Amino acid sequence: MCGVSSRRKADQLIKEGRVKVNGQVVRDLGVKIDPELDRVEVDGKEVRPLRKRYIILNKPCCYLTQLGKSQSGKKTIEELIKDIPERVFPVGRLDYNTEGLLILTNDGELANRVLHPRYKLPKVYLALVKGKVSKNTLRKMKRGIELEDGFAVPDDVRIVRYEGDNTLLEITFHEGRKHIVKRFLASFGHPVIKLKRIAIGPLTLGKLPPGKWRDLSERELRQLFSAVGLKYSP
Ligand code: URA
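Note that the structure is predicted; figures quoted are calculated from it, not measured. (Residues numbered from 1 in each chain as written. Predicted model: local features only at pLDDT ≥ 70, side-chain atom pairs only at ≥ 80, totals over all residues. Heavy atoms only, no water.)

Trainee: Would you explain the nonpolar core in this entry?
Mentor: Side chains of a nonpolar character, in soluble globular proteins, are inclined to be buried together. Counting 30 residues, the largest nonpolar core has Met141, Leu169, Ile171, Val181, Phe184 and Leu185 as the members making the most contacts within it. Going through the elements one at a time, β5 (54-59), β7 (99-105), β8 (123-129), α3 (135-143), β11 (156-163), β12 (166-173) and α4 (180-186) are the ones with two or more residues in this core. Split by domain, this core shows at least three residues from each of two domains, domain 2 (54-118 + 202-227) and domain 3 (122-200). Those residues in contact with Leu185, other than ones at most four positions away along the chain, are Ala127, Val129, Met141, Leu169, Ile171, His190, Pro191 and Val192. Counting 21 residues, the second-largest nonpolar core is a separate cluster that includes Val114, Tyr119, Leu208 and Leu216. (Core = buried A, V, L, I, M, F, W, Y, C linked by side-chain atoms within 4.5 Å. Buried < 20%, exposed > 50% of the residue type's maximum accessible area, 1.4 Å probe, protein only. Helix = DSSP H or I, 4+ residues; strand = E, 2+ residues; numbered from the N terminus. Domains from an automatic or database assignment. Contact = heavy atoms within 4.5 Å.)

Quick look at the structure:
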């Protein structure tokens, strides 16, 4: 939380005896500190928690939702958020070729709640699918379908418009199983050509261009916290 290292590397720093609490070297990973009262040093330099940061990124196609370099040489979202000093991490994932709204934060509790199905936070997607979705298929989609890892039913699905031989759908899920939208739509014979997430709970992308990020406003934070049963205090 001080922007010094990842959690795992921090364990290593402690084991190597490079961390002091109130002037004493600590080697026990379980030591608890009060950041208001205790003085923590790494390699002799005092460190302090950075402020909580909440941003949204409009992830473009063809970026991996991960920090650091990828093994495959593919681009990662890290290069889009290089200018943020806090160690923010993505809340959930978008596929490599999916675009759209991604929340990044260093607030672990908020992140857990956004992802937890208990809070039923709706995630809204625009999906361009192959073929013309009929009214009958749309009705079946609304009833849900058994996938290989269990039943899946959207909170909502509607036809936005037909685009030539294809259909643009708006589909909402509050769960986050891997490839849920693509698997769901493919199981009705309508594979996804292009997918974009346009909203998470009260947050929408608005006019944020692909590849750009912005801080959430206080109003958005209040709405987001309240949607997951927390109170926002600046
Ligand atoms: N569902 C998918 O299939 N892909 C995503 O990236 C997000 C939801």
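Trainee: How should the sheet that holds strand β3 (residues 40-42) be read in this particular structure?
Mentor: Sheets are built from strands paired through backbone hydrogen bonds, the pairs being either parallel or antiparallel. Pairing is antiparallel in the open sheet, where four strands are placed in the order β2-β1-β3-β4. Taken across any chain shown, the strands that pair with only one partner, and hence form the sheet edges, are β2 (24-25) and β4 (45-47). In this structure, strand β1 (residues 19-21) lies alongside β3, joined through three bridges in antiparallel fashion. Within β3, the position partnered with Val19 by the bridge is Val42. (Pairing = 2+ DSSP bridges.)

Trainee: Honestly, the site of the ligand in this entry has me stumped. Any pointers?
Mentor: Taken together, the neighbourhood of the ligand is formed by Leu94, Asp95, Thr98, Tyr125, His179, Ile180, Val181, Lys182 and Leu195. Asp95 places a polar side-chain atom, nitrogen or oxygen, 2.7 Å from a nitrogen atom of the ligand. Residue Lys182 places a main-chain N or O atom 3.0 Å away from an oxygen atom belonging to the ligand. Its free accessible area being 240 Å², the ligand has 95% of it covered by the protein chains. When residues in the shell around the ligand are grouped by element, the largest group, three residues, is from α4. Its residues placed into classes, the shell around the ligand shows five nonpolar, two polar and two charged. Counting residues domain by domain, the shell around the ligand receives three or more from each of domain 2 (54-118 + 202-227) and domain 3 (122-200). (Near = heavy atom within 4 Å. Polar contact = N/O pair within 3.5 Å; in protein donor to acceptor, adjacent residues only side chain to side chain. Areas by Shrake-Rupley, 256 points an atom, 1.4 Å probe, with all protein chains shown as cover. Nonpolar A, V, L, I, M, F, W, Y, C, P; charged D, E, K, R; others polar.)

Trainee: In this structure, what is going on with the pattern of salt bridges? I would like to understand it.
Mentor: Side-chain pairs of opposite charge can arise where the charged atoms are in close proximity. On inspection of all chains with the given rule, the structure shows 19 salt bridges. The closest approach of N and O atoms between Arg53 and Glu86, which form a salt bridge, is 2.8 Å. Linking Arg53 in the loop between β4 and β5 with Glu86 in the loop between β5 and β6 (89-90), this pair joins segments that are 33 residues apart in sequence. Classification of Arg53 as buried rests on a relative accessible area of 8%. Judged by its relative accessible area of 8%, Glu86 is buried. Residue Asp156 is joined to Lys142 by a salt bridge in which the shortest nitrogen-to-oxygen separation is 4.0 Å. In this pair, Asp156 is assigned in strand β11 and Lys142 in helix α3, connecting sequence segments 14 residues apart. Since its relative accessible area comes to 36%, Asp156 is described here as partly exposed. Its relative accessible area of 41% is what places Lys142 among the partly exposed residues. What you see here is one network of salt bridges that share partners, running through Glu148, Asp149, Glu175, Arg177 and Arg183. (Salt bridge = Lys/Arg side-chain N within 4 Å of Asp/Glu carboxyl O.)

Trainee: What is the right way to look at the pairing of β7 in this model?
Mentor: Side-chain positions along a regular strand alternate between the two faces of the sheet. Across the seven residues that make up β7, a large majority, seven, are buried. In the sheet, β6 pairs with β7 via two bridges, with the strands oriented antiparallel. Bridging from a neighbouring strand, Pro90 pairs with Leu104 of β7. Of the pairings in the sheet, the one linking β7 to strand β13 (residues 192-200) comprises two bridges and is parallel in character. When the bridges of β13 are listed, Gly100 appears paired with Arg197.

In short, shape yes, function no, at least from these values alone.
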